[in-house]
Every structure is written in structure tokens, then in C-alpha cells.
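# Close look at the chain arrangement
Listed below are the residues making up each chain.
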Amino acid sequence: MAEKEKVTIVVFSGDLDKVTAAFIIANTAAVMGKEVTMFFTFWGLNVLRKSIINLRAPNLIQKAFSFLNRGGKERLPLSKFHIFGIGTFLMKFLMKRYKIPSITEALITAKAQGIKIIACTTTIGVMGLSKDDFIPEVDELAGAASYLGEASEGKVNLFI
Amino acid sequence: MAEKEKVTIVVFSGDLDKVTAAFIIANTAAVMGKEVTMFFTFWGLNVLRKSIINLRAPNLIQKAFSFLNRGGKERLPLSKFHIFGIGTFLMKFLMKRYKIPSITEALITAKAQGIKIIACTTTIGVMGLSKDDFIPEVDELAGAASYLGEASEGKVNLFI
Amino acid sequence: MAEKEKVTIVVFSGDLDKVTAAFIIANTAAVMGKEVTMFFTFWGLNVLRKSIINLRAPNLIQKAFSFLNRGGKERLPLSKFHIFGIGTFLMKFLMKRYKIPSITEALITAKAQGIKIIACTTTIGVMGLSKDDFIPEVDELAGAASYLGEASEGKVNLFI
């Protein structure tokens, strides 16, 4: 039997529009029978974090930073025209109206299709997060070597 | 005869600098004899839109949003230092002075070289656009599956 | 002997977080025995520039622009939450505390591992820079054709 084609996506961005694009590509690839891995790092980790200010972080700076950079896939801003939430609100309205799945829905579809969801250990450390700060949809915490292992078998490897 | 190598570029960004980089890579690849597809989505659609505020959008929110997000390849802002248009103006001046093709010129070259220009149907819907809102240089309206079909034959696949 | 797998990264961004991600992937790939090329262009050139305002630029606009866009790998801002340097300062503190190499350290490691560092000739011209404006770690000044030559042999090609 032929092996499945692989697609890998590094989700570096935590912006609503970019994360939406990442999930559209990932979920479409899975529908087409490809094996998909999404590797979330830096601001992308916000997609996988519980929506709380992280007061349990070991470090005061991390606590402070978590006020700026709150997690939660329902809270992602638009990369442009956020403007105190107005642009983001309008875009969410339009996406709903035009049946683009929300990030929450897209993640459910991704899991149902067997897409592998990895959170990057290096940036987890920097942000003072631990396994408990993440939603259960995360399959694995792993580093760049693990990502590169998958990507070098991938036919399509994107950095978003 | 050997098949042509494929290069695909997702143009997600509508920023002048990123779109310029996308066209430089695309046009250089075509000169080198590669088969190139550019897939424009989200803000990247602005490159392919007629430069008008979209008052024909079916939805009031879309009309409002089109004031924020006007199309037109001559109107793309710089991703940094836009500062009420000043940085963008300076960069355009320098690009012209140093013979970097404008987006309009780059698109003409791209078409002349047979680069395939695709506009993403999903985001077209969200923004309330239709075929008539696009310049005739667009070869095709298509979705993520069509992009992935091309990318899985590509040797170089970039997301910009 | 099997050929080494190739990894190429276009570093378009000059943001601290994105450049850090680029170096983590590049250095990890080199540790894994892959042959890595980093192609710096547009804002990414700031990583490789001496940290000076470029008053030797041939053109007045370029001199002015260099006040906005100062080079120097110690001066890269964060892509989000820069906020007059506060967020960037906090992130640098955390990166240091959690043993993420600074860009300066990452570049030393990259060179020691034989990663090829290329600066893009086209954007060098636009910004009024010349070879003397760059740190000696740059291996080569080259254009998009040179990048595409490497990328078409690459298994993993990213645009960051």
C-alpha cells in the first residue's frame, strides 16, 4: 500500500486570520487523505492554551507577560484591523455567516480526522507554561527536532 | 522530456513588501523554467481586487469592512513603518529608483511567463466579493483542495 | 554515501521572535546532520547589518529610511507587544532565563555548524547598503535565483 503523503504546518502566529488559514489547509489536506501534523509554537501556543491569565507561572515576568499575551482560542485577534477588537468582531461575524468554522470547530474537525497537534516545548518553557495550561486536544509536547523529523518526510511544509 | 519543477506560493499577506518578495521569487522561478502557481487568499486578495470600496457586497458588515480593507494592487501598505503612508511612500520611491518592478509590473511579467494566478474562493465569499470584483489577470477561482493538489507536486512551497 | 538532506529558510522578517524561531529550526536541523541555508532578505537583513544608522547610503531617502529601520541583531523588536520596547525587553529577559540563545549566540552556533548565511542582493540595493554594512558572518551576497537553486534541492523550505 502506498504511504500517505505528509503535510506539516508550523503555526507560529496566534492571529485569528492566519490560524484560520492554517486550519483550512490542514483540514482540507486530511480530507484529501494526507497525514497532517500541526506544530504550534510562540504565539500559536495561544490556540492551545486554556483561556486564563497564567498566575501560576514560576516567574514574575511571565505572570506580567501573561496579561499581555492571554491564551484561549476564542480570544485570538486579527493580524490587521484589530482596532480594539472591532475588526476582529466583524471578521468573526462574517466567518460565522459564511460558514467558515471557528477555531474551536476547526480543532474538533482536526482531531476527528486524526491530525496530530504538537505544542513546542521550548516556547512553553519561556512562557512559564506547563502541560496543565493546555487543552486536552494536544497530542504531544515536543521540540524542533521532532518537527523536522516529520517535515523531512513531508511533501508540503508551511510556516504560518 | 523531463517534467517541469513546480513552485507554489500562498500569498496570504497583502503587505507591499511581502507581496513584492512573493513576485520576485515567482518571476525568478518562472525565468528558471519552473512552473509556478500563486494562490492568493485573505489579505493577498487585495492584490487582485479592483481598487474600489465594495458597496455591492451583499452584507452591511462586508460593506463596512471594505472601507477598512480596500483592494487594489497600487494601494498595498508596507508591513512595517507604514506610518500614515510615509514609510510606504519612501519604499515605493526606493523600489522604483532601484528598478524593482511595482506590483502592477510584476503581475504583467508573471502573466507573460505563464504563472498561474488563483484567487481563493473561501475568503472571496467571506469578504462579500464576486468574480466581477477581480482584475482579469486572475486565471481561476479555487479552494484549498486545488492549492494542495498543486503543492503536493511542488518542490518549493511557500506561505507568505 | 547518501547525500545530506537540505533545509532552506528565507528570513524575510526582522522580528526577534520570528528570527529566533528561524535560528532554532536551522540550528536543530544542522545538529541533525542536514545541510542548511538561510537566505536573509528585506527586514531580515537587519540581523546581518552592523548596528549603525546608514549615513553612507547613496540616496537621501535611504538615509532617512535607515533612521526608521536601523540594523543590528541586538536591536530586533518583537512582532507583537513591542510597546516602546517593554514587551521586547521582557521577552529577551525570559529567553535568557530559559536558555534560549540570543540571536548573536544563535548566529555563532549556526556558523560553527556550517550553516550558509546569504544576504539578498536585491533588497541590499534598495536599502542603499553595500558589503561593508554587513557583519563578516555573511557567506555570500546573492539573489532569488541562487535561493531557488538551493530550495529546489531542499526537503524542507520555509519562508519566515
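First, a word on what this report is: a plain description of the structure on this page.

Residues and elements named next belong to chain B. The five strands lie next to each other as S4-S3-S2-S1-S5, forming an open sheet whose pairing is parallel. Across the chains shown, the open sheet's two edge strands, defined by having one partner strand only, are strand S4 (140-142) and strand S5 (154-159). For this sheet, the mean inter-axis angle between neighbouring strands, taken without regard to orientation, is 25°.

Turning next to the relation of the copies chain A and chain B. Both copies of the chain are related through a single rotation about an axis accompanied by a shift along the same axis. Placing chain A over chain B gives an RMSD of 0.0 Å and needs a rotation angle of 120°, together with 0.0 Å of translation along the axis. What the superposition gives is, in effect, a three-fold axis relating one chain to the other.

The transform that puts chain B on chain C rotates by 120° and translates by 0.0 Å along the axis, for an RMSD of 0.0 Å. Here only 13% of the contact residues of chain B are again contact residues in chain C; the copies associate through non-equivalent surfaces.

For the rest of this paragraph, the subject is the interface of chain A and chain B. In many analyses, interface size is given as the accessible surface area lost on bringing the parts together. Taken residue by residue, the interface counts 31 residues in chain A and 28 residues in chain B. Our count for the contact surface shared by chain A and chain B stands at one salt bridge. Taking the shortest distance from any N to any O, the salt bridge between Lys80 of chain A and Asp15 of chain B comes out at 3.3 Å. Linking chain A with chain B are four residue pairs in polar contact (both at pLDDT 80 or more).

Our next topic: the sheet that holds strand S2 (residues 35-40) of chain A. All names here are of chain A. In space, the five strands of this open sheet follow the order S4-S3-S2-S1-S5, with parallel pairing throughout. The two strands at the open ends of the sheet, each matched to only one other strand, are strand S4 (140-142) and strand S5 (154-159). On average, each strand axis in the sheet is inclined to that of its neighbour by 25°, with strand direction left out of account. Here three bridges tie strand S3 (residues 116-120) to S4, and the two strands are oriented parallel to one another. Considered in S4, the bridge of Ala119 is made with Leu141.

Residues Leu68 of chain A together with Ile83, Phe84 and Ile86 of chain C make up a contiguous nonpolar surface patch of roughly 450 Å² in combined accessible area. Tracing the chain through its elements places Ile83 of chain C in the loop between helix H2 (60-68) and helix H3 (86-97). Given a relative accessible area of 40%, Ile83 of chain C falls into the partly exposed group.

Residue-level contacts link 31 residues of chain B with 28 residues of chain C. Of the roughly 2600 Å² buried between chain B and chain C, counting both surfaces, carbon and sulfur atoms make up 78%. For the chain B face of the interface with chain C, the top three residues by lost area are Phe81, Leu94 and Tyr98 of chain B, together amounting to 21%. Connecting chain B to chain C are one salt bridge. Where chain B touches chain C, the interface holds five residue pairs in polar contact (both at pLDDT 80 or more). Of all the secondary-structure elements, those providing two or more residues to the side of chain B that touches chain C are helix H1 (16-31), helix H3 (86-97) and S5 of chain B. At eight residues, the largest contribution of residues to the side of chain B that touches chain C is made by H1 of chain B. A per-class count over the side of chain B that touches chain C returns 19 nonpolar, five polar and seven charged.

Reading the values: the criteria
- Residues numbered from 1 in each chain as written.
- Chains lettered and ligands numbered in written order.
- Predicted model: local features only at pLDDT ≥ 70, side-chain atom pairs only at ≥ 80, totals over all residues.
- Heavy atoms only, no water.
- Pairing = 2+ DSSP bridges.
- Helix = DSSP H or I, 4+ residues; strand = E, 2+ residues; numbered from the N terminus.
- Axes fitted to C-alpha atoms, helices over the stretch in contact; angles between N-to-C directions.
- Least-squares fit on C-alpha atoms with pLDDT ≥ 70 in both.
- Contact = heavy atoms within 4.5 Å.
- Salt bridge = Lys/Arg side-chain N within 4 Å of Asp/Glu carboxyl O.
- Polar contact = N/O pair within 3.5 Å; in protein donor to acceptor, adjacent residues only side chain to side chain.
- Patch = residues over 30% accessible without salt bridge, like charges linked within 9 Å, V, L, I, M, F, W, Y side chains within 5 Å.
- Areas by Shrake-Rupley, 256 points an atom, 1.4 Å probe, with all protein chains shown as cover.
- Buried < 20%, exposed > 50% of the residue type's maximum accessible area, 1.4 Å probe, protein only.
- Buried area = accessible area lost by both parts, 1.4 Å probe.
- Nonpolar A, V, L, I, M, F, W, Y, C, P; charged D, E, K, R; others polar.

So yeah, pure geometry; function would need other evidence.
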